[in-house]
Number of protein chains: 2
Amino acid sequence: MKETKILLSEKEIPTQWYNIQADLGFDLPPLLHPVTLEPTILPPPLFPRAMNDAEFSKERYIDIPEPVRDVYKLWRPTPMYRARRWEKALDTPAKIYYKYEGGSPPGSHKPNTAVAQAFYSKGEGIKRLATETGAGQWGSALAFACQLFDLELKVYMVKISYNQKPYRRILMETWGAEVVPSPSPDTPVGQQILAQDPDNPGSLGIAISEAVADAGPRDDTHYSIGSVINSVLLHQTVIGQEAKKQLEMAGDYPDILVGCIGGGSNFSGFFLPFLKDKLDGGKPDLRVICAEPMACPSVTKGPYAFDWGDTAKVAPIAMMYTLGHTFIPAPIHAGGLRYHGMAPIISALYDRGIIEAVALHQNPVFEAAVSFARAEGFIPAPEPAHAIKAVVDEALKCKETGEEKVIAFNLSGHGHFDMGAYDEFFAGTLQDYEYPGEKIKEALKELPKVGG
Amino acid sequence: MKETKILLSEKEIPTQWYNIQADLGFDLPPLLHPVTLEPTILPPPLFPRAMNDAEFSKERYIDIPEPVRDVYKLWRPTPMYRARRWEKALDTPAKIYYKYEGGSPPGSHKPNTAVAQAFYSKGEGIKRLATETGAGQWGSALAFACQLFDLELKVYMVKISYNQKPYRRILMETWGAEVVPSPSPDTPVGQQILAQDPDNPGSLGIAISEAVADAGPRDDTHYSIGSVINSVLLHQTVIGQEAKKQLEMAGDYPDILVGCIGGGSNFSGFFLPFLKDKLDGGKPDLRVICAEPMACPSVTKGPYAFDWGDTAKVAPIAMMYTLGHTFIPAPIHAGGLRYHGMAPIISALYDRGIIEAVALHQNPVFEAAVSFARAEGFIPAPEPAHAIKAVVDEALKCKETGEEKVIAFNLSGHGHFDMGAYDEFFAGTLQDYEYPGEKIKEALKELPKVGG
């Protein structure tokens, strides 16, 4: 019998993160201060120095501190699977591989950066972190990390998710975090919103504003973020470095890499170490396909523009694909993909035509996820289900052409907390929200006026 | 940094199951027919021949079919962890190891036997399986297995769990199974119960009766069971065989093995390959501690007696520790530990004083589970949380005596489907049900009159 998964030993956990900024061949646009619109760093009262250093570094490799690697050992290296049963079910000549990040304690890729951020803040004498979370993947990963490094954590959780999806809230509490529904009465931003609209269901943009407003004035508290910024993408590159070694062991190199993008961190962590080979000319034909939801299609439908990272305009301004910082997407189940902007690194690569993107509706996404689950066993979270649909489309193209392409994707988390979404899919009540063109048009009027 | 987990390669998945019946040194009492009370086999219209053969075999090792091992590769070998952070938190000189079975697609140890049973039934030309499930661990594992071997599956799910815990029901449906609440109108047994009591909340005993009644009259259908019987325990011995090799690699041999028991299969799978060394005299001091809930304390409080395996008395009679086949335990969160009887193998070993048992209340169990989760990250299911409490007790004894004992336990599944139980624990609303002595006394009046 052939191998099903390719495993690495603990010793093979990468010792360094890979920094794509060394190989981009161009400079990323600057971050801008949310009020002055002048170039800024990651503000030191909010972020650990090591995060800021990595954010703008051009070093190709940055050492992973040993205590961080030591925590990674709880679930890393993660397995790389050859999806033989699914290939057969799809009747495709393509070879499909998936990297599985769902085996971590919180069930997703998020702790790869959460652990690093908690370690750095602890090392700078910080006692407490504040963060936002949507459906709870990020908040639970940071709660796990803060518990291990003995830090307090306050999580501002989008109110509609807080009420509708209690399981990840309890997960955070089990790891010792304090979780409040956002907008909350605990910050000036939250108070203001509640005064105008006591029933405001919350949004990721509002929750970010609250977490930043919490951490800003406090010397003992850092703000922590789960995606978008360069240093977070950097921390996720353990995924792709492992994946590259594992595919090498299998004797394959990918023709196509696929992943889902919300803020962009899981897929960047997966594809950036491979993209190095495309940027240096070694693998010019490597295709990278980003899958995003049609309900929040920042890359495929938004402009590449400067915009604030949050609703209340307290976070820095970044050059990115954006739907406008006031845009609130429809309540799709892939809560992790409901962000108005996109990682500046992904944005810059897409703008230059180096990577591709597709926007997908919920029903075909869940149909693909079920076909995967029935063949491979693992139940995908709604976010990587988007990647799975994009893989199906490429695999079926191979069926038509007869090409034996190697397709690899990142299965960033399990769906055991998201079974309600599958229930709706089977019941036929899952909505395919139309492309929210008018709402986006409105929100884009609020972009900052930068430069000429 | 020291190793956190001990990993094996796919090649090291055991090629044979270990059969303790070869080494017991005594014969297990016979199974009896539910009506005639005469010795019986596993009735062939209900079970695959291979299951029946294994049930009464004295061969020490039984080959694992290659297609079964091939499916095992989706999540096996499972990791063995050294719980260094938890040891530190407990301030114990004991060395604590845990085998983690929560990484399988359904999140528990159950597919180890589900895959084997589905394979055997498929090989005998069967089209369809019927089974019971409580909280859904077993039903979801069998749904996963049936999907891979292209078998239909009907699951009779205890009604109270069907209504209160929809996530595992959806999991089963995602893998293509039909799930109905039991008692159901689909079987004569269910019809009879519903006629007397339309609001009957169901029980595992009733659901077993319905699944047996479904499969019995149909040539195309086998009945499948997730615990208790010898052949199911046999399939789980992949856990202990891997664990033994992993501890050997770590240079340790356990002084104490701990696990939770409901029907007895996860812990038997873990400890039986080690128990061989105690039975043959090589490790006379090896201690084996079974942890069961005080709300359903079959081994610690029940008699060792012949009893039916199900409520409606359609399943065979076994000699086992039992609380009476009509006993319905309080609704503790560890649904997998709510069975009135116990595996005949565990029962016989306990009766002879070869293994030990403790009965535990919910609150101290969850307190222990939280201490584990905060140190090691992984969230235990309520069932193995019982094992964790028993480990805490032994580790704290070591702290008193200063002994550096090696304690190993089986973490049979993750708790991501059970966060509601943790919520109740934190809210202080989790009940410690009193020992149900009177109810047990009543139920024990219904034991069959066997022999003298």
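All values derive from a computational prediction rather than experimental measurement.

Counting its regular elements, chain A contains 18 helices and 17 strands. Its C-alpha radius of gyration of 20 Å places chain A within 12% of the 22 Å reference for a compact globule of 452 residues. Viewed in the frame of its principal axes, chain A has a C-alpha envelope of about 60 × 50 × 50 Å. With 452 residues in all, chain A has 66% of them scored as buried.

Moving on to the sheet that holds strand β1 (residues 5-6) of chain B. Residue and element names in this part refer to chain B. If you trace the seven strands from one edge of the open sheet to the other, you get β1-β6-β7-β17-β12-β13-β16, paired in mixed fashion. Looking at strand neighbours, the two that pair on one side only are β1 and β16 (356-360), the edges of this open sheet. Two strands pair when backbone bridges link them, and strand β6 (residues 80-82) and strand β7 (residues 95-100) are joined in this way by three bridges, in the antiparallel orientation. Each bridged residue has a counterpart across the sheet, and for methionine 80 the counterpart in β7 is lysine 99. Against the sheet, helix α11 (residues 237-249) makes contact with β1, β6, β7 and β17 (406-411), and its axis sits at roughly 140° relative to β7, the strand it touches most.

This brings us to helix α15 (residues 362-376) of chain A. Since the α-helix turns once every 3.6 residues, residues separated by three or four places project in the same direction. Residue and element names in this part refer to chain A. Over its 15 residues, α15 runs 21 Å from end to end, which matches the ideal 21 Å to within 8%, given 1.5 Å per residue. Burial in α15 covers these residues: Gln362, Asn363, Val365, Phe366, Ala368, Ala369, Val370, Phe372, Ala373, Ala375 and Glu376. A positive phi of about 95° marks glycine 377, the residue just after α15.

Moving on, we get to the confidence of the model for chain A. Across chain A, pLDDT averages 96, with 100% of residues at or above 70. Taken together, the chains of this predicted complex give a pTM of 0.96 and an interface ipTM of 0.95.

Rotating chain B by 180° about the axis while translating it 0.0 Å along that axis superimposes it on chain A, leaving an RMSD of 0.0 Å. As the rotation angle and translation indicate, the two copies are arranged about a two-fold axis. Mapped onto chain A, 100% of the interface residues of chain B are again interface residues, and the two copies thus contact each other with one and the same surface.

In total, this model carries 49 aromatic pairs over all chains according to the counting rule given. Over the face of the ring belonging to A:Tyr162 we find A:Arg169, whose NZ or CZ atom lies 5.7 Å from the ring centre.

Turning our eyes to something else, we now look at the interface of chain B and chain A. Counting residues at the interface gives 52 residues for chain B and 53 residues for chain A. When the area that chain B buries against chain A is broken down by residue, the three leading residues are B:Leu74, B:Arg374 and B:His416, summing to 16%. For the pair chain B and chain A, the interface holds six salt bridges. Residues A:Glu10 and B:Lys5 are paired through a salt bridge, measuring 3.3 Å at the closest nitrogen-oxygen approach. In this structure, the connection of chain B to chain A is made through 26 residue pairs in polar contact (both at pLDDT 80 or more). Residue assignment for the side of chain B that touches chain A shows that the elements contributing at least two residues are α2 (66-72), α5 (137-148), α7 (166-174), α15 (362-376) and α17 (419-427) of chain B. Per element, the largest residue contribution to the side of chain B that touches chain A is six residues, and it comes from α7(B).

Next up on the list: the pattern of salt bridges. Residues and elements named next belong to chain A. Across all of its chains, the model carries 52 salt bridges over all chains by this definition. The shortest N-O distance in the salt bridge between aspartate 186 and lysine 154 comes to 2.6 Å. A residue pair is termed long-range when its members are at least 10 positions apart, and aspartate 186 in the loop between β10 (178-182) and α8 (188-196) and lysine 154 in strand β9 (residues 152-158) qualify at 32 residues. Three or more residues are tied together by salt bridges with common partners; here these are Arg76, Lys99, Glu101 and Glu242.

Residues and elements named next belong to chain A. Read across the open sheet, the seven strands follow the order β1-β6-β7-β17-β12-β13-β16; overall the sheet is mixed. Each edge of the sheet is formed by a strand with only one pairing partner; in this case those strands are β1 (5-6) and β16 (356-360). The strands that helix α11 (residues 237-249) touches are β1, β6 (80-82), β7 (95-100) and β17 (406-411); relative to β7, the one it contacts most, it runs at about 140°.

Residues and elements named next belong to chain A. Each assigned domain of chain A is listed with its residue range as follows: domain 1 (15-64 + 110-231) and domain 2 (77-107 + 237-446). For domain 1 versus domain 2, the separation of C-alpha centres amounts to 22 Å. Of the residues lining the interface, 45 residues belong to domain 1; the matching set on domain 2 comes to 45 residues. Between domain 1 and domain 2, roughly 3,700 Å² of surface is buried when both sides are summed, and carbon and sulfur atoms account for 70% of that area. If you sort the residues of domain 1 by the area they bury against domain 2, Tyr18, Pro34 and Val228 come out on top, with a joint share of 16%. Scanning the region where domain 1 abuts domain 2 turns up one salt bridge. At the boundary of domain 1 and domain 2, one finds 13 residue pairs in polar contact (both at pLDDT 80 or more).

So, on to the side chain of B:Asn200. Here B:Asn200 shows up in the loop between α8 (188-196) and α9 (204-215). Those residues in contact with B:Asn200 that lie beyond four places of it in its chain are B:Lys159, B:Pro183, B:Ile193 and B:Ile206.

Residues and elements named next belong to chain A. The linkage connecting arginine 76 with the following residue, proline 77, adopts the cis geometry, with an omega of -10°. Note on placement: proline 77 falls in the loop between α2 (66-72) and β6. Not every positive phi belongs to a glycine, and aspartate 91 is a case in point at roughly 55°. Within the element layout of this structure, aspartate 91 appears in the loop between α3 (84-90) and β7.

This part covers the pairing of strand β15 (residues 317-321) of chain B. Residues and elements named next belong to chain B. β15 sits mainly inside the fold: five of its five residues count as buried. Where strand β14 (residues 304-308) lies against β15, five bridges are found, and the strand directions are antiparallel. Following the sheet pairing, phenylalanine 306 is matched in β15 by methionine 319.

Residues and elements named next belong to chain B. One can describe the packing of α15 onto α17 by two numbers: an axis separation of 10 Å at closest approach and a directional angle of 105°. The orientation of α15 relative to α17 falls into the category roughly perpendicular. Where α15 abuts α17, its residues Asn363, Phe366, Glu367, Ala369, Val370 and Arg374 lie against Ala421, Tyr422, Phe425 and Phe426. For the contact of α15 with α17, the per-class residue count stands at seven nonpolar, one polar and two charged.

Let us look at the pairing of strand β8 (residues 128-133) of chain A. Residues and elements named next belong to chain A. The buried fraction of β8 is high, at six of six residues. Side-chain alternation along β8 places Arg128, Ala130 and Glu132 on one buried face and Leu129, Thr131 and Thr133 on a second face that is also buried. As for the winding sense of the linkage, the β-α-β connection from β8 through helix α5 (residues 137-148) to β9 is right-handed. Strand direction decides the pairing type here: β8 and strand β11 (residues 221-223), joined by three bridges, are parallel. Within β11, the residue paired with alanine 130 across the bridge is tyrosine 223.

Conventions adopted
- Residues numbered from 1 in each chain as written.
- Chains lettered and ligands numbered in written order.
- Predicted model: local features only at pLDDT ≥ 70, side-chain atom pairs only at ≥ 80, totals over all residues.
- Heavy atoms only, no water.
- Helix = DSSP H or I, 4+ residues; strand = E, 2+ residues; numbered from the N terminus.
- Rg over C-alpha atoms; globule rule 2.2 N^0.38 Å.
- Buried < 20%, exposed > 50% of the residue type's maximum accessible area, 1.4 Å probe, protein only.
- Pairing = 2+ DSSP bridges.
- Contact = heavy atoms within 4.5 Å.
- Axes fitted to C-alpha atoms, helices over the stretch in contact; angles between N-to-C directions.
- Expected span 1.5 Å × (residues − 1).
- pLDDT = per-residue confidence, 0-100.
- Least-squares fit on C-alpha atoms with pLDDT ≥ 70 in both.
- Phe/Tyr/Trp six-rings, centres within 6.5 Å; stacked < 30°, edge-to-face > 60°.
- Lys NZ or Arg CZ within 6 Å of the ring centre and 35° of its normal.
- Buried area = accessible area lost by both parts, 1.4 Å probe.
- Salt bridge = Lys/Arg side-chain N within 4 Å of Asp/Glu carboxyl O.
- Polar contact = N/O pair within 3.5 Å; in protein donor to acceptor, adjacent residues only side chain to side chain.
- Domains from an automatic or database assignment.
- Parallel < 35°, antiparallel > 145°, perpendicular 65-115°, else oblique.
- Nonpolar A, V, L, I, M, F, W, Y, C, P; charged D, E, K, R; others polar.
- Right-handed = clockwise from strand over helix to strand, strands pointing away.

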